[in-house]
Amino acid sequence: MKYAKRTIHYVLLILIALLVMAPLLLGIWASLLPTTDIVAGHFNSLNISLNNYVAAIQTTPVVLYMWNSLVISSLIMVGQLIFCTLAAYAFAFLQFRFKNGIFFAFLITMMLPFEAQIIPNFQTVRALGWLDSYPGLTIPFFTSAFGVFMLRQAFLQVPRELKEYSDLIGLGRLQFLTRIVLPYTRSTIITFVLYTFLTHWNAYLWPLITTFSDAHRPTQVGLKQLQSEDTFNNWGVIMATAIMVLLPTLLILIIGQRYFRKGLNAGGVKG
Amino acid sequence: MVSHNETAVPATATPTPAKRHPWWRSAFWFLLPSLVIMTVFTYYPMVMTVFNSLFATNLTGAAAKFVGFGNYVTIFSDPLFFKSLTNTFIFVACDSVGVILLALLLARLATARIRGAGFFRTAFASTMGVSAAAASILWIFLFNPSVGLISIGLKQLGFGNVNILTDPTGAMIAVILSSIWMGSGFAFLNLLGALQSVPQDYYDVASLAGWSSWRQTWKITIPMVSPTLFFLIVVEVIGAFKTFTQIDLITGGGPDNTTNFIAYKVYQDAFNYRNIGIASAEAIVLTVIIAVATWIQFRYTERKVYYQ
Amino acid sequence: MAIQLTHLTKHFGDTPVLDDITATINEGEFYVLVGPSGSGKSTILRIIAGLIPATSGDIYFDDKKVTDAAPKDRHLAMVFQNYALLPFMSVAENIRFGLHNLHLSTADEDARVADALQMVHLSDLADRKPKELSGGQQQRVAVARAIATQANLVLMDEPLSNLDAQLRTEMREELVELHKALKMTLIYVTHDQTEAMTMGERIMVLNDHRIQQVGTPLELYNHPQNAFVATFIGSPKMNMFTVTVDAAAKTITLPMVDEDGRPALIPLPAGIPSGTYQLGVRPEKVRLSLASASEYDVPVTVVNVASLGRASNVAVKNSDVEFIADIAEQFPEDAAKAFVTFPTAAADLHFFAPDTGLAVTSAAEKAGVTDGIA
């Protein structure tokens, strides 16, 4: 009876896992097949090879797109880590006038959808001469209320005795932050950093309206570019580029899974 | 210089005034970088969007003529905007419910203590690692009338040569299906975390009291994960209202504006039709919807923090 | 290093925390601050450390005023209630990190870390993370971190309160021995009077933001200056009765009745004027017998017998007044009735004014105090 129950559970798990993974698995499978087989509906073909990937790298700018995404996501990640950490430190450890008011002003930006700000932001970035450039794609995202909030919550968990101890042994503010607070809260920091990277690697709307050339175009918009090119109906290569684009974030997710499971629960809004 | 004022003292404590830094000398510098970015790229554009929504704008996007609430009157008397709003709400409802139900099912299956559970957890979480754009490509492939497996399957089931994406209902279903898939990983991971943090003691006590596993689920599991569930519902609703990428890639808002959801309409009116005034008014409507949802979440999260 | 506190006060906003604290702590002394929670003892410790500023008053280390000095410039070490160990560093790294401000050579640091670990018997666990240690071991690491700095002044804030009872007793002895070996000035905060009595050379009793009394353990025990100290120090607690004194008749009227139902009287020592008092009698000074032996014996019903084997704590009652007799022998657990003999020596009867709670000292006892201190 128990054995039967367990078997049913496994069958159910495998079926549902297959169903959930189907779009991804099919995509990977198609990316290994020649387009001729795909168009002919021969999905059971065994002509698998990495030819589509070779073609994607040689004939499309997908590698350049990925490089752009890497640069953009990394810059934002570092920028947010510095800016959000500083603000979160002030809110968690310093006493100052208007603290609650300023904190509220930060929080309220979580209520304001970025989609409602893109028009003036586009005009601002254009006025600064930052269209189709790394600064225009990164600087507007150097801070986030979500990040400040998440890090502040983590910083508040640092026992006040550790602050007293660091005063006692003569650590300055910055040393307290870098040598005690950040290591102490490192699992939140890791979650935050991974999440920021993931979010901005996957960003779509802003690069869509501010990039016009392959030189700075990131992957997600690059996918649209490739998919919408009239001559581009080579399914094998399309799927290969899509898989290449999603592979880094998929790896981050698999490696960082346990951090996401614990960290994101702490509260906040999905990007 | 020691800063007495940064010692964490009880909440009622006010540091001695004489030993306090002037505010512009300490905390200010920690906040400045974030404040500058937020002022330029959040507060200012938000104010400008409100401002623009009250003006008729010319093709360069500059405010040309004050029209008061004219743009709002225009959009609310525009059947297309109504259609967009209605379809957005339908989409949001179906997507959120679908994501939560799927995630609950996945989390329930994945918490079983069996060998290989880790593999299945990774599998269920995997969609969170797939960007909306890449996911859209995967689903476009599935929906493609000539090579897509879903289309081929439907054909073999006797539906004939259907092009899902050019059929209004079909396109809506396609967008909902792909969006549920994209959102399930995130919701699953959160629910899994919540389910795993329910102390085993509760179940032990319940088992001793002879509760059925069904009763345990309803009386222990659901109440214990309800904060997370609520958090997820709000997050999914907010996310669904902002849905853009899938639309732009899979349907382009069509056919016949069926999937022209509000965030996409803002984009089209602003960047395709250069009607900044109208687009701004629509953006403000979106903002109000999102703000209300976020406010509910804050209120609730606050309570959650206090009573835990 | 000797510490002097002069007229320290502290307010958090409108909330008073400390009121006019003046005290001297001698070089090399094991000095305990004891009091119920909220009495301000931890605040005094943090003001001495410089972690929070006093509202007014001054602090002197030897003769140097340090009221406004930064914590790091006071060259002291502190052991925290929750240990404040850095969870991401090993035991040895934690101890070494505490030497940060001393700018020692690596070799010196190594030596100090090794010495400190040896002193707390943790040399084998140097590479463990705090999480991998038991509560008692973590506590030792915190102590080692403090002594490695070789500071002349070490502050300890309820360092044993997170340990279980048995470990606490062990650690008490170890800390006392450590202090004997190192001879630093040690200021120790606790809410536990047993800890204060067994460890402290001198004790400051705090309540209600004020100093109640400062003295050696026996001074506090034998000569409490007010009713708070009398009941706070000692376990089981001192019995307190509301009594009337008739100086002319040389009697004390207890709030109890004798066998005939008349108010119970006991003899009065010399020097207490007539009036109403709170009378404190230590439980071990209350004698208990199954048969009446003297006219002053008071009949009681036995409420509860807590047998410790070598002694018994017997709760007894007369006229709704319940009190404890702590006798150094076994007592029949099924006894229902008994007789109480109250002490007659002046030193065993502690009178307190009913309004102020201050001790009213008899002539005989005054003489005793002088002898005792000399």
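Bear in mind the structure is a predicted one, so any value in this text is a computation, not a measurement. (Residues numbered from 1 in each chain as written. Chains lettered and ligands numbered in written order. Predicted model: local features only at pLDDT ≥ 70, side-chain atom pairs only at ≥ 80, totals over all residues. Heavy atoms only, no water.)

Draft legend 1. View of helix H4 (residues 117-125) of chain B. Of all the 9 residues making up H4 of chain B, 7 are buried; the element is thus mostly covered by neighbouring parts of the structure. Every buried residue belonging to H4 of chain B is among Ala117, Phe120, Arg121, Thr122, Ala123, Phe124 and Ala125 of chain B, and all of these are buried. (Buried < 20%, exposed > 50% of the residue type's maximum accessible area, 1.4 Å probe, protein only. Helix = DSSP H or I, 4+ residues; strand = E, 2+ residues; numbered from the N terminus.)

Draft legend 2. Fine view of the sheet that holds strand E17 (residues 312-318) of chain C. Residues and elements named next belong to chain C. Across the sheet, 5 strands lie side by side as E15-E19-E16-E17-E18; this open sheet has antiparallel pairing. Looking at strand neighbours, the two that pair on one side only are strand E15 (287-289) and strand E18 (321-327), the edges of this open sheet. For this sheet, the mean angle separating the axes of adjacent strands, direction not counted, is 45°. (Pairing = 2+ DSSP bridges. Axes fitted to C-alpha atoms, helices over the stretch in contact; angles between N-to-C directions.)

Draft legend 3. View of the environment of Val237 of chain A. All names here are of chain A. Structurally, the position occupied by Val237 is in helix H14 (residues 235-263). Of the residues examined, Val237 reaches a relative accessible area of 4% and is grouped as buried. Distance in space between the C-alpha atoms of Val237 and Ala30 is 9.0 Å, their sequence separation being 207 residues.

Draft legend 4. Main features of a negative patch on the surface. On the surface, Asp164, Glu170, Glu173 and Glu177 of chain C cluster together to form a negatively charged patch. Tracing the chain through its elements places Glu173 of chain C in helix H5 (residues 165-182). (Patch = residues over 30% accessible without salt bridge, like charges linked within 9 Å, V, L, I, M, F, W, Y side chains within 5 Å. Areas by Shrake-Rupley, 256 points an atom, 1.4 Å probe, with all protein chains shown as cover. Salt bridge = Lys/Arg side-chain N within 4 Å of Asp/Glu carboxyl O. Lys, Arg positive; Asp, Glu negative; His and termini not counted. Charge placed at Lys NZ, Arg CZ, Asp CG, Glu CD.)

Draft legend 5. The arrangement of the interface of chain B and chain A in detail. Between chain B and chain A, the contact holds 98 residues from the first and 93 residues from the second. Counting across the interface, chain B meets chain A through 1 salt bridge. Lys224 of chain A is the salt-bridge partner of Asp248 of chain B, the closest N and O atoms lying 2.8 Å from each other. Summed over the shared surface of chain B and chain A, the result is 14 residue pairs in polar contact (both at pLDDT 80 or more). Taken together, the residues of the side of chain B that touches chain A break down into 62 nonpolar, 27 polar and 9 charged. (Contact = heavy atoms within 4.5 Å. Polar contact = N/O pair within 3.5 Å; in protein donor to acceptor, adjacent residues only side chain to side chain. Nonpolar A, V, L, I, M, F, W, Y, C, P; charged D, E, K, R; others polar.)

Draft legend 6. Inspection of the pairing of strand E10 (residues 210-215) of chain C at higher detail. Residues and elements named next belong to chain C. Taken together, the 5 bridges between strand E9 (residues 202-207) and E10 define a ladder with antiparallel strand orientation. Counterpart to Met204 in the pairing with E10 is Val214. Counting the residues in the hairpin turn of E9 and E10 gives 2 residues, including Asp208, whose phi is positive at 60°.

Draft legend 7. Structural context of a nonpolar patch on the surface. All names here are of chain A. Judged by side-chain polarity, Ile14, Leu18, Leu25 and Ile28 come together as a nonpolar surface patch covering roughly 320 Å² of accessible area. Summarising the element assignment, Ile28 is placed in helix H1 (residues 2-32). Assessed through its relative accessible area of 32%, Ile28 is described here as partly exposed.

Draft legend 8. Highlighting the packing of aromatic side chains. All names here are of chain A. Under the counting rule described, the total for this entry stands at 41 aromatic pairs over all chains. Note on Phe91 and Phe106: the rings are 5.2 Å apart at their centroids and 80° apart in plane angle, and the pair reads as edge-to-face. Taken as a pair, Phe91 in helix H4 (residues 62-93) and Phe106 in helix H5 (residues 99-108) lie far apart in primary sequence, 15 residues in all. There is no split in this pair, since Phe91 and Phe106 are both buried. (Phe/Tyr/Trp six-rings, centres within 6.5 Å; stacked < 30°, edge-to-face > 60°.)

Draft legend 9. Region of interest: the UniProt feature "transmembrane region" (unreviewed entry) in chain A. All names here are of chain A. In this structure's numbering, the residues bearing the UniProt feature "transmembrane region" (unreviewed entry) are residues 12-32, 70-94, 101-122, 134-155, 176-198 and 235-255. Split by type, residues 70-94 is 96% helix and 0% strand. Its first and last C-alpha atoms lie 35 Å apart. Secondary structure over residues 176-198 splits into 96% helix and 0% strand, and the C-alpha atoms at its two ends are 29 Å apart. (UniProt positions renumbered as here; feature names shortened; annotations may be inferred.)

Draft legend 10. Local environment of helix H7 (residues 168-196) of chain B. Residues and elements named next belong to chain B. Along its 29 residues, H7 runs 41 Å from first to last C-alpha, staying within 8% of the 42 Å computed at 1.5 Å per residue. Maximum bend of H7: about 35°, positioned at Ser184. Of all 29 residues in H7, 24 are buried, a share of seventy percent or more. (Expected span 1.5 Å × (residues − 1). Bend = angle between axes of the 7 residues up to and from the residue.)

Draft legend 11. The arrangement of the domain arrangement of chain A in detail. Residues and elements named next belong to chain A. Each assigned domain of chain A is listed here: domain 1 (2-52) and domain 2 (60-266). A straight line from the C-alpha centre of domain 1 to that of domain 2 covers 33 Å. With both chains or domains summed, domain 1 and domain 2 bury close to 680 Å², and 81% of this area falls on carbon and sulfur atoms. On the domain 1 side of the contact with domain 2, Leu24, Thr35 and Asn52 bury the most area, a combined 53% of that side's loss. Here domain 1 and domain 2 share 0 salt bridges between them. On the surface where domain 1 and domain 2 come into contact, there are 2 residue pairs in polar contact (both at pLDDT 80 or more). (Domains from an automatic or database assignment. Buried area = accessible area lost by both parts, 1.4 Å probe.)

Draft legend 12. Structural detail: the confidence of the model for chain A. For chain A, per-residue confidence averages 88 on the pLDDT scale, and residues scoring 70 or more make up 95% of the total. Scored below 50 in pLDDT, residues 266-271 of chain A shows 19 contacts in the model against residues more than four places distant or in partner chains. (pLDDT = per-residue confidence, 0-100.)

Draft legend 13. Main features of the environment of Lys10 of chain C. Residues and elements named next belong to chain C. Along the chain, Lys10 turns up in strand E1 (residues 3-12). Its relative accessible area of 4% is what places Lys10 among the buried residues. Put simply, Lys10 and Asp68 are 58 residues apart on the chain and 15 Å apart in space, counted from C-alpha to C-alpha.

Draft legend 14. Structural view of the sheet that holds E9 of chain C. Residues and elements named next belong to chain C. Spatially, 6 strands are ordered E6-E7-E8-E3-E9-E10 in an open sheet, and the strand pairing comes out mixed. With one partner strand each, in any of the chains shown, strand E6 (76-79) and E10 form the two edges of the open sheet. Strand-to-strand twist in this sheet, taken as the mean axis angle between neighbours without regard to direction, amounts to 15°. Across 5 bridges, the pairing between strand E7 (residues 153-157) and strand E8 (residues 185-190) is parallel. Residue Asp157 lies in a different strand from E8, and its bridge partner there is Val189. Sheet strands in contact with helix H4 (residues 135-148) are E6 and E7, and its direction is about 175° off that of E6.

Draft legend 15. Quick peek at the UniProt feature "domain: ABC transporter" (unreviewed entry) in chain C. UniProt's entry tags residues 3-233 of chain C with the feature "domain: ABC transporter" (unreviewed entry), counted in the numbering of this structure. End-to-end, the C-alpha atoms of residues 3-233 of chain C are 25 Å apart, and along that stretch the chain is 35% helix and 26% strand.

Draft legend 16. View of the packing of helix H3 (residues 106-119) of chain C against H4 of chain C. All names here are of chain C. Where H3 meets H4, the closest approach of the two axes is 9 Å, and the angle between their N-to-C directions is 135°. Classified by the angle their axes make, H3 and H4 are oblique. As H3 packs across H4, the resulting crossing turns out to be right-handed. Note on element contacts: H4 touches H3 through Ala144, Ile147 and Ala148, opposite Arg112, Ala116 and Met119. For the contact of H3 with H4, the residue count by class is 5 nonpolar, no polar and 1 charged. (Parallel < 35°, antiparallel > 145°, perpendicular 65-115°, else oblique. Left-handed = near helix turned anticlockwise from the far one by under 90°.)

Draft legend 17. Representation of unusual backbone geometry within the structure. All names here are of chain C. With an omega dihedral of 0°, the bond running from Ser235 to Pro236 counts as a cis peptide bond. Relative to the assigned elements, Pro236 resides in the loop between helix H8 (227-232) and strand E11 (239-246). You will see that His75, though not glycine, has its phi angle at about 50°, which is positive. Its location among the elements puts His75 in the loop between strand E5 (64-65) and E6. Unusually for a residue other than glycine, Tyr83 sits at a positive phi of about 75°.

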